[in-house]
Amino acid sequence: TSRWYKCDLQVATPAWQFEMPTGPSYDFSEPGDRAVFADVYMARLKEQGIEVIAIADHHTAAWLPDMQAAGERAGITVFPGVEVTTGSGSDGAHLVLIGDLSKTEQDIAIVLSSVCGFDDRDHPKFNPGRKKEPAPSPRSIADILTALPDGWIAFAPHVLGSKGLASPVTARSSIRWKALHHDKL
């Protein structure tokens, strides 16, 4: 028999441009505050009936271990993931890459470097002048999808938005066609 799960497969954390809810303040340099925040976060997801999430911060998995531990305590399945700005289009179309449950923060770092082409020297993950703005990958959507190893899936988030795959300012003509017809998207 089949079972449906209520999911959110593009969940942000404080690692990304995250709007903090009103209420207590947290010092995220303190592991205890990170754990308390992650538990509150999971409790709010649980209140909404969410059973499965995928972490999808831009170009980082810094909060993945905290959110996985909190998800386990709350009974929410937390898939490891990352949102990537690709090198396709004027300033990049977005892809969300989600790994199987065995993937770790280190696995995401490997995908960001080996599959997406980010490095600390020539292709940083964030624009040097604006540290919280993701830089585009040196690789196209099709290149990233082709290099994506087994154990990962990809989807195109906010497809009609300014960084979406169907936006008139991102991937066009053959790049869009290749991405939309790729077996891994």
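Before going into details, it helps to say that this report is about the structure given with it.

### Focus on the overall build of the protein
Piece 1. From N to C terminus, the protein includes 5 helices and 6 strands.
Piece 2. Starting at the N terminus and ending at the C terminus, the protein contains elements arranged as β-α-β-α-β-β-β-α-α-β-α.
Piece 3. Here the C-alpha radius of gyration of the protein, 17 Å, is about what a compact globule of 185 residues would show, namely 16 Å.
Piece 4. With respect to the three principal axes, the spread of C-alpha positions in the protein is 50 × 45 × 30 Å.
Piece 5. The 185 residues of the protein split such that 40% are buried.
Piece 6. As displayed, the protein has an accessible area near 9,900 Å², and 54% of this comes from carbon and sulfur atoms.
Piece 7. Charged side chains in the protein number 18 positive and 23 negative. The centres of these two groups are separated by 6 Å.

### So, the sheet that holds strand β1 (residues 7-11)
Piece 1. On the basis of which strands lie adjacent, the open sheet formed by 3 strands has the order β1-β2-β3 and parallel pairing. A single partner strand is all that each edge strand has here, and the edge strands are β1 and β3 (77-79). Averaged over all pairs of adjacent strands, the angle between their axes in this sheet comes to 20°, without regard to strand direction.
Piece 2. Where β1 and strand β2 (residues 52-55) come together, 3 bridges link them in parallel fashion. When the bridges of β2 are listed, Cys-7 appears paired with Val-52.

Basis of the calculations
Residues numbered from 1 in each chain as written. Predicted model: local features only at pLDDT ≥ 70, side-chain atom pairs only at ≥ 80, totals over all residues. Heavy atoms only, no water. Helix = DSSP H or I, 4+ residues; strand = E, 2+ residues; numbered from the N terminus. Rg over C-alpha atoms; globule rule 2.2 N^0.38 Å. Buried < 20%, exposed > 50% of the residue type's maximum accessible area, 1.4 Å probe, protein only. Areas by Shrake-Rupley, 256 points an atom, 1.4 Å probe, with all protein chains shown as cover. Lys, Arg positive; Asp, Glu negative; His and termini not counted. Charge placed at Lys NZ, Arg CZ, Asp CG, Glu CD. Pairing = 2+ DSSP bridges. Axes fitted to C-alpha atoms, helices over the stretch in contact; angles between N-to-C directions.

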